[in-house]
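# Report on the structure
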Amino acid sequence: MRYKQKLPPIPKKINSQEHVSTLNEQKHLRNTTGFVMMYWCLYLNTNLKSSPKQKRKPRVSFSKTILGEYNKTAKEDFEKSRKSVADVQDNINKVINQLKTMGQKITKLDNDFKALGKDLRKTKWHKYNGHCYYYGSDLKDWFMAEKKCREISGYIAKIDDKEENTNLAANRPQSGKDYWIGLTDLKEGIWRWTYDQSKAVFQTWLSGYGAKGIKNNCAMINGIKTPWVDYDCHYKAFYICESNFCF
């Protein structure tokens, strides 16, 4: 059996003007598409360069979190320790300052004792039973005698017993002269020692003395005998000073 060979279709007759118009449209479409693509690429490129890059948040692992908490606690402990050390240092400085102040006071007291020793050595002091006695060689009323004794770091004599009284009377440079002692009865009939305002327990009065009235309020060792007499405080006589420190 013979087969018939198929022939290719006969191309349509193309109008040359339509063909040119179609080609122009295709060319315009390609140009337009290319221009749009170029503009879009340029737009993307410009925006990507000008826009700030967003930082990625770092991932924090569990171990880093624990380490951070440990560092925070360690820092707090360190600050507390440093504060404690600072407090201890402040306390040490306070103690040092107190010791310096105490040292200055001790030095001053030592200097005062040295000065007292020099004053005592300058004057002629008589030693008896751990006390020192100075016999004033200038005539003073009782008030000035008391002041003079204080000026030489002592006090006008306080006599506690018969032995002390006998010793003081026996060592008077001016024998037979009266010497003021630190006994007064400014409140009539109540004799007190001016050194400590204590009442006189030991008393040894010459007969008829010790209650001579309101004008005779100061006591002295009698010039002839060892007993005391009460006399006018403004009378000028020698005096006896006493000190509790002997050098």
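Data block above holds the structure.
Structural notes, computed from the coordinates. Throughout this document, residue positions are counted from 1 along each chain, in the order its sequence is written. Residue-level local features of this predicted model are given only where pLDDT is at least 70; pairs of side-chain atoms are given and counted only at 80 or more, and the full residue set underlies all totals for whole chains, interfaces and linings. The basis for every side-chain value is the complete set of non-hydrogen atoms in the structure, without hydrogens or water.

## Focus: the overall build of the protein chain
Secondary structure elements are defined from DSSP: runs of H or I of at least 4 residues count as helices, runs of E of at least 2 residues count as strands, and each element is numbered from the N terminus. Along the backbone of the protein chain there are four helices and eight strands. When its helices and strands are written in sequence order, the protein chain yields α-α-β-β-α-β-α-β-β-β-β-β. Burial classes: relative accessible area under 20% of the type maximum marks a residue as buried, over 50% as exposed, and values in between as partly exposed (1.4 Å probe, protein chains only). Residue burial in the protein chain is summarised as follows: out of 247 residues, 24% are buried. Of the contacts formed within the protein chain by residues at least 6 apart in sequence, a portion of 68% connects residues at least 24 apart. The Shrake-Rupley method, run with a 1.4 Å probe sphere, supplies the accessible areas, and residue values consider only the shown protein chains as cover. Just so you have it, the protein chain exposes about 19,600 Å², and 57% of that area is on carbon and sulfur atoms. Here, two residues are considered to be in contact whenever any of their heavy atoms come within 4.5 Å of each other.

## Quick word on the pattern of salt bridges
Oppositely charged side chains can form a pair if their charged atoms are brought close together. What makes a salt bridge here is a side-chain nitrogen of Lys or Arg within 4 Å of a carboxyl oxygen of Asp or Glu, nothing more. A full pass over the atoms with the stated rule returns six salt bridges. Lys140 serves as the salt-bridge partner of Asp138, at 3.7 Å between the closest nitrogen and oxygen. For Asp138, a relative accessible area of 28% corresponds to the partly exposed category. Residue class for Lys140 comes out partly exposed when judged on its relative accessible area of 24%.

## Here's the deal with the state of the cysteines
Throughout, a disulfide means two cysteine sulfur atoms within 2.5 Å of one another. Tallying each qualifying case throughout the model produces two disulfides. The disulfide partner of Cys149 is Cys241, and the gap between their sulfur atoms is 1.9 Å. Between Cys149 and Cys241, the disulfide has an S-S torsion of -80° and is therefore left-handed. Of this pair, Cys149 sits in helix 3 (residues 142-151) while Cys241 sits in strand 8 (residues 237-243), placing them 92 residues apart in sequence. For the pair formed by Cys149 and Cys241, the shared burial category is buried. Sulfur-sulfur distance for the disulfide between Cys218 and Cys233 comes to 1.8 Å. For the disulfide bridge between Cys218 and Cys233, the dihedral angle about the S-S bond is near 95°, and by the sign convention the bridge is right-handed. One end of the pair, Cys218, is in strand 6 (residues 218-221); the other, Cys233, is in the loop between strand 7 (228-231) and strand 8, and 15 residues separate them in sequence. Take Cys218 and Cys233: they sit in the same class, and that class is buried.

## Regarding the environment of Asn222
Mapped onto the fold, Asn222 is located in the loop between strand 6 and strand 7. Of the residues examined, Asn222 reaches a relative accessible area of 12% and is grouped as buried. Considering only alpha carbons, one finds Asn222 and Trp180, 42 residues apart in sequence, at a separation of 9.1 Å. Apart from residues no more than four positions distant in its own chain, Asn222 is found in contact with Arg172, Lys177, Asp178, Leu206, Pro227, Trp228 and Val229.

## Some words on the nonpolar core
Nonpolar side chains tend toward joint burial in soluble globular proteins. By nonpolar core we mean a set of buried residues, namely Ala, Val, Leu, Ile, Met, Phe, Trp, Tyr and Cys, connected to one another through side-chain atoms within 4.5 Å. Membership of the largest hydrophobic core comes to 18 residues, with the highest contact counts inside it found for Ile159, Ile181, Leu183, Ile221, Trp228 and Ile240. Residue assignment for this core shows that the elements contributing at least two residues are strand 2 (131-140), helix 4 (162-170), strand 4 (179-187), strand 5 (190-193), strand 6 and strand 8. Here the element with the most residues in this core is strand 4; it accounts for three residues.

## Here we look at helix 4
Taken together, the buried positions of helix 4 are Glu164, Asn165, Asn167, Leu168 and Ala169. Looking at the buried positions of helix 4, the neighbouring elements they touch are strand 1 (125-128), strand 2, strand 6, strand 7 and strand 8. Two or three places before Glu163, at the opening of helix 4, Asp161 has a side-chain oxygen 3.3 Å from that residue's backbone nitrogen. Polar contacts, as counted here, are pairs of nitrogen or oxygen atoms within 3.5 Å of one another; within protein the pair requires one atom able to donate a hydrogen and one able to accept it, and residues that are adjacent in sequence qualify only if both atoms are side-chain atoms.

## Considerations on the side chain of Arg172
Inspection of the secondary structure assignment puts Arg172 in the loop between helix 4 and strand 4. As used throughout, the charge tally considers Lys and Arg to be positive and Asp and Glu to be negative, leaving His and the chain termini uncounted. No salt bridge is formed by the buried Arg172; the nearest opposite charge belongs to Asp178, separated by 5.7 Å. A distance of 2.9 Å separates a polar side-chain atom of Arg172 from the backbone oxygen of Ala169. If sequence neighbours within four positions are ignored, Arg172 has contacts with Tyr135, Lys177, Tyr179, Ile221, Asn222, Gly223 and Lys225.

## Considering the environment of Asp161
Here Asp161 is to be found in the loop between strand 3 (155-156) and helix 4. By relative accessible area, which is 30% here, Asp161 ends up partly exposed. Spatially, the C-alpha atom of Asp161 lies 5.8 Å from that of Phe202, the residues being 41 residues apart in sequence. For Asp161, the side chain forms a polar contact with the main-chain nitrogen of Glu163, separated by 3.3 Å. At 2.8 Å, the side chain of Asp161 and the backbone nitrogen of Glu164 are in polar contact.

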